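Per-entry structural report
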Amino acid sequence: MPRWIYLPAAAGALFIVLPLVAMASRVEWGQFWSLITSDSSRAALMLSLRTSAMATLLCVVLGVPMALVLARTTFRGQGLVRSLVLLPLVLPPVVGGIALLYTFGRKGLLGETIDVLGLQIAFSTTAVVIAQTFVSLPFLVVSLEGTLRTAGQRYEVVASTLGAPPTTVLRRVTLPLVLPGLAAGAVLSFARALGEFGATITFAGSLEGVTRTLPLEIYLQRESNPDAAVALSLVLVVVAVLVIGLVRGARGVEAP
Amino acid sequence: MKRIAGSCAAALLLALVAACGSSDSDGAASTATSATPEQTTITVFAAASLKGPFTEIGKKFEAENKGVTVTFNFAGSSDLVAQIQQGAPADVFASADTKNMDKATADGLVEGTPANFATNTLQIATPPDNPARVESLADLADPDVKVVLCASEVPCGAAAAGVEQAAGVDIQPVSEEQSVTDVLGKVVSGEADAGLVYVTDVKAAGDTVLGVTFPEADEVVNTYPIGALADSENLDVAQSFADFVTGAEGQAVLAAAGFAKP
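Residues numbered from 1 in each chain as written. Chains lettered and ligands numbered in written order. Predicted model: local features only at pLDDT ≥ 70, side-chain atom pairs only at ≥ 80, totals over all residues. Heavy atoms only, no water.

**Let's talk about empty space enclosed by the protein**
Residues and elements named next belong to chain A. Cut-off, in case you're wondering: For cavity detection a 1 Å grid was placed over the protein atoms alone, and a set of points counts as a cavity when a 1.4 Å probe fits there but cannot get out; an open set counts as a pocket when protein lies on both sides within 12 Å along at least five of seven lines, with lining residues being those that have an atom within 4 Å of a point. Grid points are joined across faces, edges and corners, and a volume is the space filled by probe spheres set on the points. Only DSSP runs of H or I covering at least 4 residues are called helices, and only runs of E covering at least 2 are called strands; the numbering of each starts at the N terminus. Gly counts as polar in this scheme, as do all residues outside two lists: the nonpolar Ala, Val, Leu, Ile, Met, Phe, Trp, Tyr, Cys and Pro, and the charged Asp, Glu, Lys and Arg.
One pass over the structure, following the stated rule, counts one cavity of 30 Å³ or more. Roughly 70 Å³ of volume is contained in the largest cavity. Contributing to the lining of the largest cavity are Phe-104, Gly-105, Arg-106, Gly-111, Ile-114, Asp-115, Leu-119, Gln-120, Ile-121 and Ala-122. For the lining of the largest cavity, the element with the highest residue contribution is helix H6 (residues 111-116), accounting for three residues. The residue inventory of the lining of the largest cavity, partitioned by class, reads five nonpolar, three polar and two charged.

**Digging into the interface of chain A and chain B**
What counts is decided by this rule: Note on definitions: a residue-residue contact is assigned when non-hydrogen atoms from the two residues lie within 4.5 Å. In this description, buried area is defined as the sum, over both parts, of the accessible area (probe of 1.4 Å) that is lost when the two are combined. Note on definitions: salt bridges are taken to be side-chain nitrogens of Lys or Arg within 4 Å of carboxyl oxygens of Asp or Glu. Pairing of N or O atoms within 3.5 Å defines a polar contact, subject to two protein rules: one partner must be a possible hydrogen donor and the other a possible acceptor, and residues neighboring in sequence count only if both atoms are side-chain atoms.
Contacts between the two partners involve 26 residues from chain A and, on the opposite side, 26 residues from chain B. For the pairing of chain A and chain B, the buried interface totals around 2500 Å² over both sides, and the portion due to carbon and sulfur atoms is 60%. Three residues stand out in chain A for area buried against chain B, namely Arg106(A), Phe123(A) and Glu223(A), and they jointly supply 26% of the buried area on that side. Counting across the interface, chain A meets chain B through three salt bridges. Among the ionic pairs, Glu176(B) bridges to Arg212(A), the shortest N-O distance being 3.2 Å. Taken together, the connections running from chain A to chain B amount to nine residue pairs in polar contact (both at pLDDT 80 or more). Within the residue set of the side of chain A that touches chain B, elements represented by two or more residues are helix H1 (6-25), helix H10 (198-203) and helix H11 (214-224) of chain A.

**Details of the layout of surface pockets**
What counts is decided by this rule: Annotation comment: domain bounds sourced from an automatic or database domain assignment.
Size it by volume and the largest pocket reaches roughly 1000 Å³. Taken together, 46 residues line the largest pocket, and the ones lying closest to its centre are Ala48(B), Ser49(B), Ser179(B), Val180(B) and Thr181(B). At six residues, the largest contribution of residues to the lining of the largest pocket is made by helix H6 (residues 180-188) of chain B. Across the lining of the largest pocket, the residue classes tally to 21 nonpolar, 14 polar and 11 charged. When residues of the lining of the largest pocket are assigned to domains, at least three fall in each of domain 1 (40-118 + 223-256) and domain 2 (122-219) of chain B. Along the walls of the second largest pocket sit 16 residues, with Arg222(A), Pro226(A), Asp227(A), Ala82(B) and Gln86(B) positioned nearest its centre. At the level of elements, H11 and helix H12 (226-253) of chain A together with helix H3 (77-85) of chain B are the ones that each hand at least two residues to the lining of the second largest pocket.

**Section: the confidence of the model for chain B**
One rule of thumb: low pLDDT means the predicted coordinates there are not for detailed reading. All names here are of chain B. For clarity, the cut-off: Note: pLDDT gives the predictor's confidence per residue, expressed from 0 to 100.
Taken over all residues, the pLDDT of chain B has a mean of 86, while the share at 70 or more is 85%. In this model, residues 17-36 is a region of pLDDT below 50 whose contacts with residues beyond four sequence positions or in other chains number six contacts. The ipTM value of the predicted complex is 0.74, and its pTM value is 0.79.

**Details of the pairing of strand S6 (residues 147-150) of chain B**
Residues and elements named next belong to chain B. We apply this condition: Partly exposed residues are those whose accessible area sits between 20% and 50% of the maximum for their type, while under 20% is buried and over 50% is exposed, using a 1.4 Å probe and protein chains only. Two strands form a pair only when DSSP identifies at least two bridges running between them. With strands facing away from the observer, any crossover in which the path from the first strand over the helix to the second runs clockwise is taken as right-handed.
A two-sided burial pattern is seen for S6, the buried positions comprising Val-147 and Leu-149 on one face and Val-148 and Cys-150 on the other. As paired elements, S6 and strand S8 (residues 194-198) share two bridges and run parallel to each other. In the sheet register, Val-148 faces S8, and the bridge partner there is Gly-195. Strand direction decides the pairing type here: S6 and strand S7 (residues 175-177), joined by three bridges, are parallel. Paired with Val-148 across the strands is Ser-175, a residue of S7. Read from S6 through helix H5 (residues 155-167) to S7, the crossover connection turns out right-handed.

**Brief notes about the environment of Leu68(A)**
Residues and elements named next belong to chain A. Tracing the backbone shows Leu-68 in helix H3 (residues 39-72). A residue is classified by how much of its surface remains accessible, and Leu-68, at 17% relative accessible area, is buried. Placed 122 residues apart in sequence, Leu-68 and Phe-190 show a C-alpha to C-alpha distance of 20 Å. When residues no more than four places from it in sequence are discounted, the contact partners of Leu-68 are Thr-73, Leu-148, Leu-170 and Thr-174.

**Quick notes on helix H2 (residues 51-64) of chain B**
Residues and elements named next belong to chain B. For the record, the criterion: Expected helix span is given by 1.5 Å per residue-to-residue step, counting one fewer step than there are residues. What the arc measures is the spread of directions leading from the helix axis to the C-beta atoms.
Counted at 1.5 Å a residue, the expected span for H2 with its 14 residues is 20 Å, and the 20 Å between its end C-alpha atoms agrees. Within the span of H2, buried status applies to Pro-53, Phe-54, Ile-57, Gly-58 and Phe-61. Along the long axis of H2, the arc covered by the buried residues comes to 140 degrees, so they all point the same way. Pointing more than 90 degrees away from the buried face of H2 are the exposed residues Lys-51 and Lys-59.

In structure tokens:
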């Protein structure tokens, strides 16, 4: 590698790190603790953690079968299906929010069905979880599909020739083999759900303790109390750093 | 080696940032140098709620003043003040409330005294078929009616809290939104049964919402001030635009959009 590569590489690294440093330098450290532990901040943080955990669980329940189908089968139009599944990854979140509104909203595609079932999704915490799951599901699917392909099918073939039924192979061979990849995917989904803003504000609304997650609280605090917005932003940065550490840890265990 | 590369990278990055920055000031400089009577551009920072009428007023002003171009930056008033305080190239500032204009005058950014040019009051907006049959402010206190308000941190939320207090009504909203646009969006899409927005928003939304007037709205009147900015390169043009807004033609356009006189 030529030495001059260090130059643009360092500039790139600086480009990412500098804004974070600039933000950290604006934190009012004297009030930091009281700012991030105010009632509204705590409510937003707890809501964010709760909904993100729910969304991650949903991602695992829905995403593992999706990744298995994409990695272990071939069918016509698979490329198209994979592209569609990845769509929320590249879609502007606010577009996702509008799409969800016209699906699960009161006047949406499924609105009447949901109404008949006696469920209320609009302006509820459920709406937040739906928005977060929508945007973070692709992270789990992509991550796990990659791991499944790298792991290969050797052990699965051996297990089934030894007489293990498919469900046993899945439970005893495949899943343990890809567990680190699954964990990494789940952590990434959690992080994406935690940062979700656009789809939530478009689809779920904003009410303290019900739908106002941490990113929404930060955006609102900016209006009246910029110090609190900066302090809460730093909290999210710290969480993000922890998440990256966890993913690296999980990946490190993974067989090459 | 690493350290040299590091400092070079820092220099490179700063150079990039400076290059991006200077293109802006070049733009501002070119408008300044071309400030002959034939070619003048003024930039008006105006509250988002003024977008419709101000675009029209701008065209009329251009028609009456040959060689003058008016460009706009429409955003929330608090965002606009922050941008002006950070040195954004603006010639005129029109705020949706006196509070944000006061911030600008306190910093000595406004030339002279700002003039109040319009007022706005709240109105209830419902979907066109008014599914919850909302007829008064008191109806919004019904827990079965899904009401959306602005958060108290933003001006429309403060106004909503004001009318609630004046009427002695306690509304439990299902959502406290970031802006009037967000409230209107929830009503237009039918997610909410009612929302509190400005009279002018209901008017601009046309058939997509129904406006319900309530007497307590008069208790909280939002006043819009306008002023030329002290740092303007074309202070006389900026001042004449502000005068045009407060003048007969400007007032006619604002009245058509639903604004009242101060």
